[in-house]
Amino acid sequence: MSLSASQNRAGLALIAPAAVLGLLFLIAPLASIFVLAFTDYQLGDRALNFIGLENFHALGDDPVFWRSLSNTLIYSAVVVPGSVLLGLISALLIDAGTSLRSFYRTAFFLPVMASLLAMAVVWEFMLHPSFGIVNAAMKALGLPPHNWLKDGSIALYVLAVIGIWQSFGFNMVLFMAGLSAIPRDLYDAAEMDGTPNAWDRFKLITWPLLAPVTVFVAITSVIRSFQVFDTVHALTQGGPNKATEVLLYTIYAEGFEFFRSGHAAAITVVFIMLVVGVSMLRFLSLKKNGASA
Amino acid sequence: MTTGSFVTSTLRHFALLLISAFSLLPFAVMVSTSIKPADEIFSDSVRWWPEKLALVENYSEAFSAAPLMLYLMNGIIVTVAIFFLQVLVALPAAYALAKLRFVGRRVAFGFVLFCLLIPYHAIAVPLFILLYFVGLLDSYSALVLPFTISVFGIFLMRQFFMGVPDDLVDAARMDGMSELSIVWRVMLPAAIPALTAFGVFSVVAHWNDYFWPLVAVSSDSYFTPPLGVMAFRNAEAGNNFGPLMAAATIIVAPLLALFLLAQRRFIEGIAFTGIK
């Protein structure tokens, strides 16, 4: 069918609402981030001045920004392997048998569904230095108690554990979808061919066939971990002493507490480059194995 | 059953129960604390079931200390409005991208793919400034409007519509249906599975979202459930853990109940949207 005038008109009309809203709420805001980053704009101002790279120079000299960036990367470096590995182990263990499958699946998925903010408040109580169940367990095991969220040397890792708790069930579901796509007869064939050991079969079949899913899950986890905010805002406010300051929290504080929009925009540019950079990897991984998309 | 398989099966359950303990512990602590009187919460011994049940006290205090029902209602209003408007905007666009040839289609789809990469947090500052200047901050509009456009919804539905046979569309055209009524009367019924998956994704995301409501509203008459929990915690700055855990339970319960009722739908929906 050739490009008919009526179809052209209909197409433009049907896409118009989405185009207008997209322009207003996505494209224009995104473009203005890249403008704001080069200005001294503060919320409420009627005018703005272009100050070139000054915001970025200021970031370069700002120890809080560097702390925030490195904390985000450290958090990610703990949460991503943790939640991918635990998600994979859970999926493999559930898949290895037939009993209680849906119980386990539901139990692991519950944290994904629950409001992280509400559960952060519960974690705060569990980690309470005097009445928390975590310190009670430490004491029962003969280990020293900690002030988990107020101790700068461990607070970020405690938040990372909450991050793993919240997200591994999501990864498990993606791995289970990947596992169910592996043909069963491959395993039977391998067993008949003299690979009776489950671990050998895993190395021979599961792992290579699951590799594309694993790459995809890992990259998705990286992007999600860069966006850590709820637990930080609720439990530590970036403290103690900037030990849990992460990018999104810094953007929030600069943009919505101090209203230094230009400065917040400059940090946002860094945040966008990180996320888009990693997303491009996901795009490539999807392209390479279009089957999983 | 051979002894070997009995051993592996026991090991499997042992490992899985260990992981279950990790994932369920906060829920157990939350519910257990929500029915305990204060003196048992602060006692040294760990008990899951209280000696003296304080269920009624804690829950009624939670409801009286903060307008929890209002927060839940706000959660429902906001998530339903967002999903309804997302579908209203995304479905025609997805249909146009999948089935119609028009000038700028490739560019439009390019924009969709590009915007998929941008987390909304990244544009929160300009969105906030925009709503500030049009005077819409601190309103339902502030909570809903920025999410009326879901490039993810457009992308997902477009992929699904690509798989709907052209014959179906052509037959409807023969019957004299307009393109808009094809969207709602032919494509929508065909797209229920994909739409359910998107609905799960959208409702879960916006019911649990904390960042944007935190930025966009300040009066507690617009608080969504997560903001409500925070307000409750900050107001009860002391150590009033029983009612606080009761409030957390109340806020978490509706979505978890829906999830438990329709687990397969939820998990498939999330897996479907996660893999896309």
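Just so you know, these numbers come straight off a predicted model, no measurement behind them.

Q: Looking at this model, I keep getting lost on the overall build of chain A. Mind explaining?
A: When you go through chain A residue by residue, the secondary structure sums to 12 helices and 0 strands. For chain A, the N- to C-terminal ordering of α and β elements is α-α-α-α-α-α-α-α-α-α-α-α. Principal-axis analysis of the C-alpha atoms gives chain A an extent of 75 × 75 × 30 Å. Per-residue burial for chain A yields a buried fraction of 43% across its 293 residues. Restricting the contact set of chain A to residue pairs at least 6 apart, pairs at least 24 apart contribute 69%.

Q: Would you take a moment to explain the overall build of chain B for this structure?
A: The secondary structure content of chain B amounts to 15 helices and 0 strands. A globule of 276 residues ought to have a C-alpha radius of gyration of about 19 Å, yet chain B, at 24 Å, is considerably larger. For the C-alpha atoms alone, the extent of chain B along its principal axes is close to 75 × 70 × 35 Å. Long-range contacts, defined here as pairs at least 24 residues apart, represent 76% of the contacts in chain B between residues at least 6 apart.

Q: Even after reading the chapter, I still don't get the confidence of the model for chain A, so can you show me in this structure?
A: Detail in the predicted coordinates should be disregarded across regions flagged by low pLDDT. Per-residue pLDDT for chain A averages 87, and the proportion of residues at 70 or more is 96%. Here helix α8 (residues 184–192) of chain A stands out as the least confident element of chain A, with mean pLDDT 79; helix α3 (residues 63–95) of chain A is the most confident, with 94.

Q: Explanation requested: the interface of chain A and chain B in the structure shown.
A: Interface size, as often reported, equals the accessible area lost upon joining of the parts. The partner chain B presents 79 residues to the 73 residues of chain A that form the contact. Looking at the side of chain A that touches chain B residue by residue, the class counts come to 55 nonpolar, 16 polar and 2 charged.

Q: Which parts of the structure should I look at to understand the nonpolar core?
A: The biggest cluster of nonpolar side chains holds 170 residues, and the ones touching the most others in it are Ala118 and Val122 of chain A together with Ala93, Ala94, Met157, Ala247 and Ala248 of chain B. A domain-level breakdown of this core finds at least three residues from each of domain 1 (3–63) and domain 2 (66–235) of chain B. Beyond its immediate chain neighbours, meaning those up to four positions away, Ala247 of chain B contacts Ala62, Ala66, Leu68, Val229 and Phe232 of chain B.

Q: Just checking my understanding: could you explain the packing of helix α5 (residues 116–126) of chain A against helix α14 (residues 241–261) of chain B for this structure?
A: The geometry of a pair of packed helices is captured by two quantities: the angle between their axes and the separation between those axes. For the pair α5 of chain A and α14 of chain B, interaxial distance at closest approach is 9 Å and the crossing angle is 150 degrees. Taken together, the axis directions place α5 of chain A and α14 of chain B in an arrangement best described as roughly antiparallel. Note that α5 of chain A runs across α14 of chain B; the crossing there is left-handed. For the pair α5 of chain A and α14 of chain B, the contacting residues are Ala118, Val121, Val122 and Phe125 of chain A in the first and Phe241, Leu244, Met245, Ala248, Ile251 and Val252 of chain B in the second. Among the residues making up the contact of α5 of chain A with α14 of chain B, the classes are represented as 10 nonpolar, no polar and no charged.

Q: Looking at this structure, I do not really get the environment of Phe175 of chain A. What am I missing?
A: Residue and element names in this part refer to chain A. Tracing the sequence through the fold places Phe175 in helix α7 (residues 155–180). Using a count of 25 C-beta atoms within 10 Å as the deciding quantity, one classes Phe175 as buried. Here the alpha-carbon distance between Phe175 and Ala218, two residues 43 residues apart in the chain, equals 11 Å.

Q: When you look at the environment of Val229 of chain B in this model, what are you seeing that I'm missing?
A: With respect to the helices, strands and loops of the structure, Val229 of chain B is situated in helix α13 (residues 225–235). C-alpha of Val229 of chain B to C-alpha of Ala124 of chain B: the two residues are 105 residues apart in sequence and 22 Å apart in space. Excluding its chain neighbours within four sequence positions, the residues that come into contact with Val229 of chain B are Leu117, Ala118 and Val121 of chain A together with Ala247, Ala248 and Ile251 of chain B.

Q: Hey, could you run me through the domain arrangement of chain B in this one?
A: Segmenting chain B into domains produces domain 1 (3–63) and domain 2 (66–235). The gap between the C-alpha centroids of domain 1 of chain B and domain 2 of chain B is 37 Å.

Q: Explain helix α8 (residues 151–162) of chain B to me, please; I cannot follow it from the model alone.
A: Counting along an α-helix, one turn takes 3.6 residues, and residues three or four places apart therefore face a common direction. Residues and elements named next belong to chain B. For α8, spanning 12 residues, the distance from its first C-alpha to its last is 16 Å, which sits close to the expected 16 Å at 1.5 Å a residue. Taken across its 12 residues, α8 has 9 buried, putting it largely inside the fold. Among the residues of α8, those classed as buried are Val151, Gly153, Ile154, Phe155, Leu156, Met157, Arg158, Phe160 and Phe161.

Q: For this particular structure, what's the right way to read the environment of Ala155 of chain A?
A: Residues and elements named next belong to chain A. Following the sequence through the fold, Ala155 ends up in helix α7. Overall, the presence of 25 C-beta atoms within 10 Å leaves Ala155 in the buried class. Taking the C-alpha atoms as reference points, Ala155 and Leu127, 28 residues apart in sequence, are found 11 Å from one another. Contacts of Ala155, omitting those with residues within four sequence positions, involve Leu149, Thr236, Pro240, Ala243 and Thr244.

Q: Is there a simple way to explain α14 of chain B in this structure?
A: The terminal C-alpha atoms of α14 of chain B, which comprises 21 residues, lie 29 Å apart, in line with the 30 Å expected from a rise of 1.5 Å per residue. Residue Ala253 of chain B marks the point of greatest curvature in α14 of chain B, where the axis turns by about 45 degrees; the proline Pro254 of chain B follows within four residues.

Q: Just checking my understanding: could you explain the packing of helix α4 (residues 68–99) of chain B against α8 of chain B for this structure?
A: All names here are of chain B. The geometry of α4 relative to α8 is characterised by a closest axis approach of 8 Å and an angle of 45 degrees between their N-to-C directions. When the axes of α4 and α8 are compared, the pair comes out oblique. In the crossing of α4 with α8, the sense of the turn from one axis to the other is right-handed. From α4, Gln86, Ala90, Leu91, Ala93, Ala94, Tyr95, Leu97, Ala98 and Lys99 reach across to α8, where they touch Gly153, Ile154, Met157, Arg158, Phe161 and Met162. Split by residue class, the contact of α4 with α8 holds 11 nonpolar, 2 polar and 2 charged.

Q: Explain unusual backbone geometry here, please?
A: For residues besides glycine, phi is generally negative; the peptide bonds are generally trans as well. Residue and element names in this part refer to chain A. The phi dihedral of Leu100 falls on the positive side, at around 60 degrees, and the residue is not glycine. Within the secondary structure, Leu100 sits in the loop between α3 and α4 (101–113). Judged by the 15 C-beta atoms lying within 10 Å of it, Leu100 falls in the partly exposed class. Phi at Asn241 takes a positive value of approximately 55 degrees, unusual for a residue other than glycine.

Q: What is the right way to look at the confidence of the model for chain B in this model?
A: Averaged over chain B, the pLDDT score is 87; the fraction of residues at 70 or greater is 95%. We note a pTM of 0.89 for the whole complex and an ipTM of 0.88 for its interfaces.

Parameters at a glance
- Residues numbered from 1 in each chain as written.
- Chains lettered and ligands numbered in written order.
- Predicted model: local features only at pLDDT ≥ 70, side-chain atom pairs only at ≥ 80, totals over all residues.
- Helix = DSSP H or I, 4+ residues; strand = E, 2+ residues; numbered from the N terminus.
- Buried ≥ 20, exposed ≤ 12 C-beta atoms within 10 Å, placed from the backbone.
- Contact = placed C-beta atoms within 7 Å.
- Rg over C-alpha atoms; globule rule 2.2 N^0.38 Å.
- pLDDT = per-residue confidence, 0-100.
- Nonpolar A, V, L, I, M, F, W, Y, C, P; charged D, E, K, R; others polar.
- Core = buried A, V, L, I, M, F, W, Y, C linked by C-beta atoms within 7 Å.
- Domains from an automatic or database assignment.
- Axes fitted to C-alpha atoms, helices over the stretch in contact; angles between N-to-C directions.
- Parallel < 35°, antiparallel > 145°, perpendicular 65-115°, else oblique.
- Left-handed = near helix turned anticlockwise from the far one by under 90°.
- Expected span 1.5 Å × (residues − 1).
- Bend = angle between axes of the 7 residues up to and from the residue.

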